[in-house]
Amino acid sequence: MSGRLLRLACTAAIAAGTALAPVPANAVPEPGERTVAELLTDLQRLYREAERATETYNATEEKLTEQKAEVLRLDTALSRARLSLHDSRGAAGRLARQQYQNSTDISPYVRLLLARDPQHALDEGHVIGQMARERAETVGRLTGSEKKADGVARAARKALDGQLTLAARQKKDRDEVRRKLHDVEELLSSLSEEQVRELARFEEDEITEAQDDLIASGALSDKDGKPSDQGDKAVRYAMDQLGKPYKWGAEGPKEYDCSGLTSQAWGHAGTPIPRTSEEQWARLPRIPLKELRPGDLVVYFPDATHVGMYLGKGRIVQAPRTGEKIKVSPIASNPILGAVRPDQDSEAR
């Protein structure tokens, strides 16, 4: 634990061009003015803000990907609609020329008037009716093609405008993440090595106490449920990523953020789930902590900004935060919001 925060502090110091020297007072409050508990509270708050900004960025990224696919779909539909309109206009043009030239389309009517054979007249009448229906169908196709092309063109324009709006929002969200991460680096670079060690010990003690309280409360079952086949595959995928670094917005295979790890694990298990922790909490079936089985997702903080995968025996695998690597942690590493099960309808093995 202490090594982790020390690495973070060193990384931040190098990025800031310092040797763990204090930063100006207007950037962060002087560390000596605060207790270890207050420093840890500030650091955890900054991490949460950075993670919240990351999940917002991820959500925008997902919407932008969907919007780009919609623009492509509509562009394809517009090309087809324009081709259909071109064909319909060609047919209408041929019909107009035929009528103007008094071609065989009109001559059957003349022959009907002059015919002496009644049967022949009826045959000619059938031909005229058929010609009239074909003309009506041609005009109908032309009108329909024009309306369809016009409607698809408007939809394509609207979708493209939506894509441009999302792209601008994505840039704003990305800049917000970078700003939050800079705040983390700024605080860490203001600490001495001894302060970093104290923070690490204090945080570890906090987690141990939270884990003991959770177990003592009876919120967890004494015996874990058995995973489904898909849950087992998701766990094995997540465990294969141990030691890989956390990176905001990453979905593997070399780096992950928290929801990038869980969404990829379940996707490889054959059950696609939402990309962000907020959407995983909002859209997946919720379950009581007592019913946890390996593969279930444990969601953290009131705004669902962090997520890990349950392994059993009160442990999760998670991509914790910037500067850390994917690891196994106590389930109470962060304040628990609840749990969800991606494969609610799948039976345990």
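How would you explain the sheet that holds strand β1 (residues 286–287) if you had to name every residue and give the values?
Within a sheet, adjacent strands bond to each other through the backbone by hydrogen bonds, running parallel or antiparallel. Read across the open sheet, the six strands follow the order β1-β6-β2-β3-β4-β5; overall the sheet is antiparallel. With one partner strand each, in any of the chains shown, β1 and β5 (327–330) form the two edges of the open sheet. In terms of strand pairing, strand β3 (residues 306–312) meets strand β4 (residues 315–318) through three bridges, oriented antiparallel. Considered in β4, the bridge of G312 is made with R315. Here helix α6 (residues 229–240) sits on the sheet in contact with β3, β4 and β5, set at roughly 110° to β3.

Which residues make up the side chain of D343, and what are the values?
Its location among the elements puts D343 in the segment after β6 (336–340). D343 gets classed as buried once you look at its relative accessible area, which sits at 4%. In this view, D343 contacts S228, Q230, G231, W266 and R293; residues no more than four positions away in its chain are not counted.

A description of the confidence of the model for the chain should follow, citing residues and the corresponding values.
For the chain, per-residue confidence averages 75 on the pLDDT scale, and 64% of positions sit at 70 or higher. In this model, residues 1–29 is a region of pLDDT below 50 whose contacts with residues beyond four sequence positions or in other chains number 51 contacts.

Kindly report on the layout of surface pockets, identifying the contributing residues and their values.
Empty space within the largest pocket amounts to approximately 610 Å³. Around the largest pocket, the lining is made up of 28 residues, and of these Q44, E203, I207, S333 and N334 lie nearest the centre. Mapped by element, the contributors of at least two residues to the lining of the largest pocket are α2 (36–100), α5 (193–217) and β5. In terms of lining residues, the second largest pocket is bounded by E55, T56, A59, T60, E62, K63, E66, R169, T276, E278, E279 and R283.

Hey, could you go over the nonpolar core for me, with residue numbers and the actual values?
If you look at the biggest cluster of nonpolar residues, it comprises 30 residues, and the most contacted ones within it are W266, L297 and M309. Those elements that provide at least two residues to this core are α2, α4 (118–189), α6, α7 (258–268), β2 (297–300) and β3. Every residue in contact with M309, bar those within four places of it in the chain, is listed here: A234, V235, A238, T262, A265, W266, G295, D296, L297, R315, I316 and V317. Of all hydrophobic cores here, the second largest spans 13 residues; its members include L220, Y310, A332 and A339.

I'd love a proper account of α7, names of residues and values included.
Side chains three or four residues apart in an α-helix point the same way, a direct result of the helix having 3.6 residues per turn. For α7, the tally of buried residues reaches eight of 11 residues, placing the bulk of the element in the interior. Regarding α7, the residues found buried are C258, S259, G260, L261, T262, S263, A265 and W266. At the C-terminal side of α7, G270 shows a positive phi close to 95°.

If you had to explain α5 to someone new, which residues and values would you point to?
The end-to-end C-alpha distance of α5, which contains 25 residues, comes to 36 Å, matching closely the 36 Å that a straight helix rising 1.5 Å per residue would cover. For α5, every residue scored as buried is listed here: Q195, V196, L199, A200, E203, I207, Q211 and L214. At the exit of α5 stands G218, carrying a positive phi of roughly 80°.

Which residues make up the pattern of salt bridges, and what values go with them?
By the definition in use, this model includes 13 salt bridges. Residues R201 and E194 are paired through a salt bridge, measuring 3.4 Å at the closest nitrogen-oxygen approach. Of the charged contacts in the structure, one is a salt bridge between R283 and E279, with a shortest N-O distance of 3.4 Å. Taken together, the positions of R283 and E279, both in helix α8 (residues 277–283) and four residues apart, correspond to about one turn of that helix. Of the residues examined, R283 reaches a relative accessible area of 57% and is grouped as exposed. Look at the salt bridges and you will find they share partners, linking E193, E194, R197 and R201 into a network.

How would you explain unusual backbone geometry if you had to name every residue and give the values?
Keep in mind that most residues, glycine aside, have a negative phi and that most peptide bonds are trans. A cis geometry characterises the amide bond from G252 onward to P253, with omega recorded as 0°. Residue K313 is not a glycine yet carries a positive backbone phi of 55°. Here K313 is to be found in the loop between β3 and β4. Residue class for K313 comes out exposed when judged on its relative accessible area of 73%.

Tell me about the environment of K247, and name the residues and values.
Note on placement: K247 falls in the loop between α6 and α7. Using a relative accessible area of 41% as the deciding quantity, one classes K247 as partly exposed. Separated by 78 residues in the primary sequence, K247 and K325 have C-alpha atoms spaced 9.1 Å apart. Setting aside anything within four residues of it in sequence, one finds K247 in contact with E255, Y256 and D257.

Tell me about the packing of aromatic side chains, and please be specific about residues and values.
For the coordinates displayed, the defined rule picks out zero aromatic pairs. The ring of W281 is capped by R286, whose NZ or CZ atom sits 3.8 Å from the centre of that ring.

Provide a residue-level description of the packing of α6 against α7, including the pertinent values.
Axis separation between α6 and α7 bottoms out at 8 Å; the angle between their running directions is 130°. Taken together, the axes of α6 and α7 are oblique relative to one another. Judged by the sense of rotation from one axis to the other, the crossing of α6 with α7 is right-handed. Along its contact with α6, which presents Q230, G231, A234, Y237 and A238, the element α7 presents L261, Q264, A265, W266 and H268. Taken together, the residues that form the contact of α6 with α7 break down as six nonpolar, four polar and no charged.

Cut-offs applied
Residues numbered from 1 in each chain as written. Predicted model: local features only at pLDDT ≥ 70, side-chain atom pairs only at ≥ 80, totals over all residues. Heavy atoms only, no water. Pairing = 2+ DSSP bridges. Helix = DSSP H or I, 4+ residues; strand = E, 2+ residues; numbered from the N terminus. Contact = heavy atoms within 4.5 Å. Axes fitted to C-alpha atoms, helices over the stretch in contact; angles between N-to-C directions. Buried < 20%, exposed > 50% of the residue type's maximum accessible area, 1.4 Å probe, protein only. pLDDT = per-residue confidence, 0-100. 1 Å grid on protein atoms, 1.4 Å probe; cavity = no way out; pocket = protein on both sides within 12 Å on 5 of 7 lines; lining within 4 Å. Points joined across faces, edges and corners; volume = space filled by probe spheres on them. Core = buried A, V, L, I, M, F, W, Y, C linked by side-chain atoms within 4.5 Å. Expected span 1.5 Å × (residues − 1). Salt bridge = Lys/Arg side-chain N within 4 Å of Asp/Glu carboxyl O. Phe/Tyr/Trp six-rings, centres within 6.5 Å; stacked < 30°, edge-to-face > 60°. Lys NZ or Arg CZ within 6 Å of the ring centre and 35° of its normal. Parallel < 35°, antiparallel > 145°, perpendicular 65-115°, else oblique. Left-handed = near helix turned anticlockwise from the far one by under 90°. Nonpolar A, V, L, I, M, F, W, Y, C, P; charged D, E, K, R; others polar.

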